[in-house]
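Observations on the model geometry
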Amino acid sequence: MENVPRTNKGFPVEAFERQRTPFYYYDLDILHGTLAELNRCMARLPWPCTMHYAVKANANPRLLAEIAGHGLGADLVSGGEIQAAIHAGFKPALMAYSGVGKADWEIRLGLECGVGCFNVESVPELEVISALAAEMGCTAPVAIRVNPDIDAHTHRYITTGTAQSKFGIPIEQLPQVVDLALTLPHVHLSGLHFHIGSQIIDLQPYEMLCDTINALLDHYESRGIHFETINVGGGLGIDYSDPDCHAMPDFEHYFGTFAHLRLRDGQQLHFELGRAVVGACGSLISRVLYVKHSRDKQFVILDAGMTDLIRPALYEAHHLIQNLTAVDGASQAYDVVGPVCESSDVFAHDCPLPVTRRGDLIALRSAGAYGESMASSYNQRSLPGSYFA
Ligand code: LLP
């Protein structure tokens, strides 16, 4: 049976006992350590670099304020995220606004706030941004999101850089779109943007991305076109199976891979990591409601469900599960499930846990990214709270 760490070390279990479950627990030491390591490794690249934290991964106001405080910018995909980022103290010049479907009010909000860049995903969007900027008497800084047709070898729901995906402008259409952007009077073409997928562990697709970008830079240089920024998106994966041994994402190799780029003088490199920034610092803390013995199975029924953490139901994602109350005794295999009326409301099948009882506290680890931000109130359930230490 898989070896699950039998410890509640590092968790303020006594304080948890006083909290209403389920809630997200964020370890700020882990977050600060991650941000410091990220800044340290990024600073080794020979070009001016900016990390735009992908707010979609977790928009908890306290986390956003910590991340803004470490000098990061923000990658945003909705008007709501723009408002949250402004509120948290991110500088508008360090904001990039992405997304395939920006509504007019959201584009106006981005222009009013002075976001540093609109990452544009289609010709009609480029035309609408130009028209709205003209109406408002301003110029919109834009980067064109290129779909480089690179397979990131990750879950099909979070692969974004292949020709089949809805994201970005197909690379073969880039010449016409660049020409159009250069002729529109109310847009300023500042760069190129890429994002090939999420939870990427094998870094080879990033090497392919570097080759693609180098070829594009050579081509546009020969045409006398200079881009101020190259944005390589996000996607660096984290270790969901062993969060204690690998709490830190492999920033060293990740940033090292981009040393293969051949950026020109004055060009800036932008990144948009989300999961790697906040994934490890968060756990979903829940209480066991019942242990149910069926004919072939033993179920641990939690008070947290897919409404609190949808990743297992949506992507068959694996989060390490630990019993924080019972840490001794032989392992039993349990199916760990939530209370929601859906068969997919299962966190794990045959999960090894010590003998588990009603009232035990359970941690679902590595839930800092795409956990709280994807929570819903399906079944009229309350949204999970948060607790920091
Ligand atoms: N930039 C763009 C344009 C993106 O679409 C995304 C994520 C990111 C950056 C940040 O990617 P990250 O560094 O976090 O991998 N809900 C899924 C993940 C969806 C990712 C969507 N886009 C999950 O729970 O695995």
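Residues numbered from 1 in each chain as written. Predicted model: local features only at pLDDT ≥ 70, side-chain atom pairs only at ≥ 80, totals over all residues. Heavy atoms only, no water.

1. Structural notes on the domain arrangement of the protein chain
- Taken domain by domain, the protein chain holds domain 1 (13–23 + 281–388) and domain 2 (28–278).
- Placing a centre on the C-alpha atoms of domain 1 and another on those of domain 2 gives a separation of 33 Å.
- Between domain 1 and domain 2, the contact holds 18 residues from the first and 21 residues from the second.
- Sorting the residues of domain 1 by area buried against domain 2 places C281, Y370 and F388 first, and these three jointly supply 36% of that buried surface.
- At the boundary of domain 1 and domain 2, one finds one salt bridge. (Domains from an automatic or database assignment. Contact = heavy atoms within 4.5 Å. Buried area = accessible area lost by both parts, 1.4 Å probe. Salt bridge = Lys/Arg side-chain N within 4 Å of Asp/Glu carboxyl O.)

2. Structural notes on the packing of helix α4 (residues 79–88) against helix α5 (residues 104–113)
- Where α4 meets α5, the closest approach of the two axes is 9 Å, and the angle between their N-to-C directions is 25°. Classed by the angle they form, the pair α4 and α5 counts as roughly parallel. Read as a crossing pair, α4 and α5 show a hand that is left-handed. Every residue of α5 that contacts α4 at G79, G80, I82, Q83 and I86 is listed here: W105, E106, L109, G110 and C113.
- Tallied by class, residues from the contact of α4 with α5 come to five nonpolar, four polar and one charged. (Axes fitted to C-alpha atoms, helices over the stretch in contact; angles between N-to-C directions. Helix = DSSP H or I, 4+ residues; strand = E, 2+ residues; numbered from the N terminus. Parallel < 35°, antiparallel > 145°, perpendicular 65-115°, else oblique. Left-handed = near helix turned anticlockwise from the far one by under 90°. Nonpolar A, V, L, I, M, F, W, Y, C, P; charged D, E, K, R; others polar.)

3. Focus on the packing of aromatic side chains
- For the structure on display, the rule yields 19 aromatic pairs.
- Geometrically, the ring pair formed by F16 and Y25 is edge-to-face, given 5.0 Å between the ring centres and 70° between the ring planes.
- In this structure an aromatic cluster arises from ring pairing among Y206, F251, Y254, F255, F258 and F271.
- The lysine or arginine in question, R62, covers the ring of F388, its NZ or CZ lying 4.9 Å from the ring centre.
- The aromatic ring of Y97 is capped on one face by K102, whose charged end is 5.3 Å from the ring centroid. (Phe/Tyr/Trp six-rings, centres within 6.5 Å; stacked < 30°, edge-to-face > 60°. Lys NZ or Arg CZ within 6 Å of the ring centre and 35° of its normal.)

4. As for the pairing of strand β10 (residues 268–271)
- Summarising the sheet, strand β2 (residues 49–54) and β10 pair through three bridges and their orientation is parallel. Paired with M51 across the bridge in β10 is F271.
- Alignment of strand β9 (residues 229–231) against β10, held across three bridges, turns out to be parallel. Bridge pairing links N231 to H270 in β10.
- Handedness of the β-α-β unit built from β9, helix α9 (residues 251–257) and β10 comes out right-handed. (Pairing = 2+ DSSP bridges. Right-handed = clockwise from strand over helix to strand, strands pointing away.)

5. Considerations on the site of the ligand
- The full set close to the ligand counts 18 residues, and S198, E272, R311, Y315 and Y370 are the nearest of them.
- Taking G274, its main chain carries an N or O atom lying 2.9 Å from an oxygen atom of the ligand.
- Side-chain polar atom of Y370 to an oxygen atom of the ligand: 2.6 Å apart, as the coordinates give it.
- Bound to the protein, the ligand loses 92% of the 590 Å² it would expose on its own.
- Both domains that furnish three or more residues to the shell around the ligand are identified here as domain 1 (13–23 + 281–388) and domain 2 (28–278). (Near = heavy atom within 4 Å. Polar contact = N/O pair within 3.5 Å; in protein donor to acceptor, adjacent residues only side chain to side chain. Areas by Shrake-Rupley, 256 points an atom, 1.4 Å probe, with all protein chains shown as cover.)

6. Re the nonpolar core
- Formed by 100 residues in total, the largest nonpolar core has its most connected members in F118, F255, L269 and F271.
- Considering every element that reaches this core, the biggest residue donor is helix α8 (residues 204–222), with seven residues.
- Per-domain counts for this core show at least three residues from each of domain 1 (13–23 + 281–388) and domain 2 (28–278).
- Apart from the residues within four sequence positions on either side, F255 is in contact with L38, C41, M42, L45, M51 and F271. (Core = buried A, V, L, I, M, F, W, Y, C linked by side-chain atoms within 4.5 Å. Buried < 20%, exposed > 50% of the residue type's maximum accessible area, 1.4 Å probe, protein only.)

7. Side note on the side chain of Q199
- Looking at where Q199 falls in the secondary structure, it is placed in the loop between β8 (187–193) and α8.
- Side-chain polar atoms of Q199 contact the side chain of R275, separated by 3.5 Å.

8. Describing the environment of V291
- Tracing the sequence through the fold places V291 in strand β11 (residues 282–293).
- When the C-alpha atoms of V291 and G279 are compared, they prove to be 29 Å apart, with twelve residues separating the residues in sequence.
- Those residues in contact with V291, other than ones at most four positions away along the chain, are F299, Y334, T356, R357 and R358.

9. Section: the layout of surface pockets
- Space inside the second largest pocket adds up to approximately 320 Å³.
- K9, G10, I30, D244 and R365 are, among the 16 residues lining the second largest pocket, the residues nearest its centre.
- Looking at the lining of the second largest pocket residue by residue, the classes come out as seven nonpolar, five polar and four charged.
- Mapping the lining of the second largest pocket onto the domain boundaries places at least three of its residues in each of domain 1 (13–23 + 281–388) and domain 2 (28–278). (1 Å grid on protein atoms, 1.4 Å probe; cavity = no way out; pocket = protein on both sides within 12 Å on 5 of 7 lines; lining within 4 Å. Points joined across faces, edges and corners; volume = space filled by probe spheres on them.)

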